[in-house]
Amino acid sequence: MAKVELKKIGKVYEGNVRAVDDANIVVNDKEFVIFVGPSGCGKSTTLRMIAGLEDITEGELYIDNKLVNDVPPKDRDIAMVFQNYALYPHMTVYENMAFGLKIRKLPKDEIEKRVKEAARTLDIEKLLDRRPKQLSGGQRQRVAVGRAIVRNPKVFLFDEPLSNLDAKLRVQMRAELIDLHYRLDATMIYVTHDQVEAMTMGDKIVVMKDGKIQQIGSPLYLYNQPINKFVAGFLGTPPMNFLTVKVIEEGGRIMVDEGSFKLVPAPEHHPLLKAYVGKEVTFGIRPEDLENVTAFAPGSTLKAKVTVVEPLGADINIYAATAKSSMIARVPPHHLFKMGDEITLAPVMAKGRYFDKDTELSILPVRWDEQAK
């Protein structure tokens, strides 16, 4: 397998349309890296430049320490799995998986060995004589992955491979791809707009927006240490709540005032917020960090009116609103709520995040530790 390194990579289309800007990414050998972001953020374009399907406008791309900017796709020793599977409809599963090896003129017995090993790995041995139209979506996806495996490439590239599957099958295929990475011990780069896939599958996540890399790190690192409001809101289901608050000082202590309630930040956050006294900031709190309290609770609390209730079995999502703000709380199913009920919520202030209103950067320092590498 191989290391992939992008140095100041950029892509500019005709009309000076910039799709990717100054991308610096290191995918280490045997690492599973996820490119994630909303539609149009440049993640698929970046993947296609790695594959050689898009020309690189700026910067340098290295695969296995070799500069490959001008190397044709077929000579980069990569294999790509596409969103639409890209199977030949007139060929059997065996023929689809073997096609690339025949083009490379491998011996027939070597082709048969590789195809059968891949089929056994993916549990599609019984499908080798079928054609794509006789397969389910999940089976077609396995065939597409199998076609990549037989090539023994240095790098596997996945372009939103699960987006055409139903929700239940996506969950199953996520687990299978994680297991496949473990068994193959391969370098994999995976593009998705689904942050759940990013959080559950990758060793490392690259978050992109408007062609620019926002932050790179392990899933839990980015979840707990977002560098800006975009990263904080993009990762997490339900997403982080954002409330506009004013930083005030009362009786010698720092508080944040939403208008209908006041909260006391965690002690370690006071020095950082002191510079914002008299200014508005964005307070971020995740749904699981808004605790439902029915009796007196020490510390900061807020009252809101329930607008929507989503029972999920093990948890309940409570949508609630104050006069100025709306929020979601994920709470245990110990109490039944209905629309119009008043609920008292206690934010876990130590887990709160604060963002500058103008720059949207985190006011709290982001720890650069081993998870950020």
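Each remark here, short or long, concerns the structure printed above.
Read on for a plain summary of the structure.

Glancing now at the sheet that holds strand E9 (residues 204-209). Taken together, six strands build an open sheet; the order of strands is E6-E7-E8-E3-E9-E10 and the sheet is mixed. Both outer strands of the open sheet, strand E6 (78-81) and strand E10 (212-217), are each paired with one neighbouring strand and no more. Averaged over all pairs of adjacent strands, the angle between strand axes in this sheet comes to 15 degrees, irrespective of strand direction. The pairing of strand E7 (residues 155-159) with strand E8 (residues 187-192) spans five bridges and is classified as parallel. From the neighbouring strand, Leu157 faces E8, where its bridge partner is Ile189. Helix H4 (residues 137-149) rests against E6 and E7 of the sheet, and its axis sits at about 175 degrees to E6. Where helix H5 (residues 167-184) meets the sheet, its contacts fall on strand E3 (32-36), E7 and E8, and the angle it forms with E8 comes to roughly 160 degrees.

To continue, consider the nonpolar core. Core analysis: the biggest nonpolar cluster contains 49 residues, and Met97, Val145, Phe158, Leu177, Tyr190 and Val207 have the highest contact counts within it. Sequence-distant contacts of Met97, that is, excluding residues within four places in its chain, are made with Val115, Ala118, Ala119, Ile124, Leu128, Val143, Gly146, Arg147 and Val150. Judged by nonpolar contacts, the second largest core, of 30 residues, contains Ala19, Val33, Leu61 and Ile78.

Below, the discussion takes up helix H2 (residues 93-103). Along an α-helix, residues three or four apart share an orientation, since each turn contains 3.6 residues. Of all the positions in H2, only Val93, Asn96, Met97, Ala98 and Leu101 are classed as buried. Against helix H3 (108-122) and H4 lie the buried residues of H2. Lys105 sits one or two positions beyond H2 and adopts a positive phi of about 60 degrees.

Turning our eyes to something else, we now look at the sheet that holds strand E14 (residues 280-285). What the five strands build is an open sheet, ordered E13-E12-E11-E14-E20; its pairing is antiparallel. In this open sheet, the two strands that pair with only one neighbour each are strand E13 (262-263) and strand E20 (353-356). Across two bridges, the pairing between strand E12 (residues 253-257) and E13 is antiparallel. Bridging from a neighbouring strand, Asp257 pairs with Lys262 of E13.

Further remarks concern the pairing of E8. Here E8 lies mainly inside the structure; six of its six residues are buried. By the bridge criterion, five bridges tie E3 to E8 in an arrangement that is parallel. In the strand pairing of E8, Ile34 is matched with Tyr190. Following the chain from E7 across H5 to the adjacent parallel E8, one finds a crossover that is right-handed.

Moving on: unusual backbone geometry. Outside of glycine, negative phi angles account for most residues, and trans bonds account for most peptide bonds. Residue Thr237 is joined to Pro238 through a cis peptide bond whose omega torsion reads -10 degrees. Relative to the elements of secondary structure, Pro238 occurs in the loop between helix H8 (229-234) and strand E11 (241-250). Despite not being glycine, Asp64 has its phi angle at roughly 55 degrees, a positive value. Among the secondary structure elements, Asp64 is positioned in the loop between strand E4 (58-63) and strand E5 (66-67). Asp64 sits in the partly exposed class, given a relative accessible area of 33%. Look at Asn65: it is not a glycine, yet its phi comes out positive at around 65 degrees. Along the chain, Asn65 turns up in the loop between E4 and E5. Among the residues examined, Asn65 registers a relative accessible area of 62% and is labelled exposed.

What counts and what doesn't
Residues numbered from 1 in each chain as written. Predicted model: local features only at pLDDT ≥ 70, side-chain atom pairs only at ≥ 80, totals over all residues. Heavy atoms only, no water. Pairing = 2+ DSSP bridges. Helix = DSSP H or I, 4+ residues; strand = E, 2+ residues; numbered from the N terminus. Axes fitted to C-alpha atoms, helices over the stretch in contact; angles between N-to-C directions. Contact = heavy atoms within 4.5 Å. Core = buried A, V, L, I, M, F, W, Y, C linked by side-chain atoms within 4.5 Å. Buried < 20%, exposed > 50% of the residue type's maximum accessible area, 1.4 Å probe, protein only. Right-handed = clockwise from strand over helix to strand, strands pointing away.

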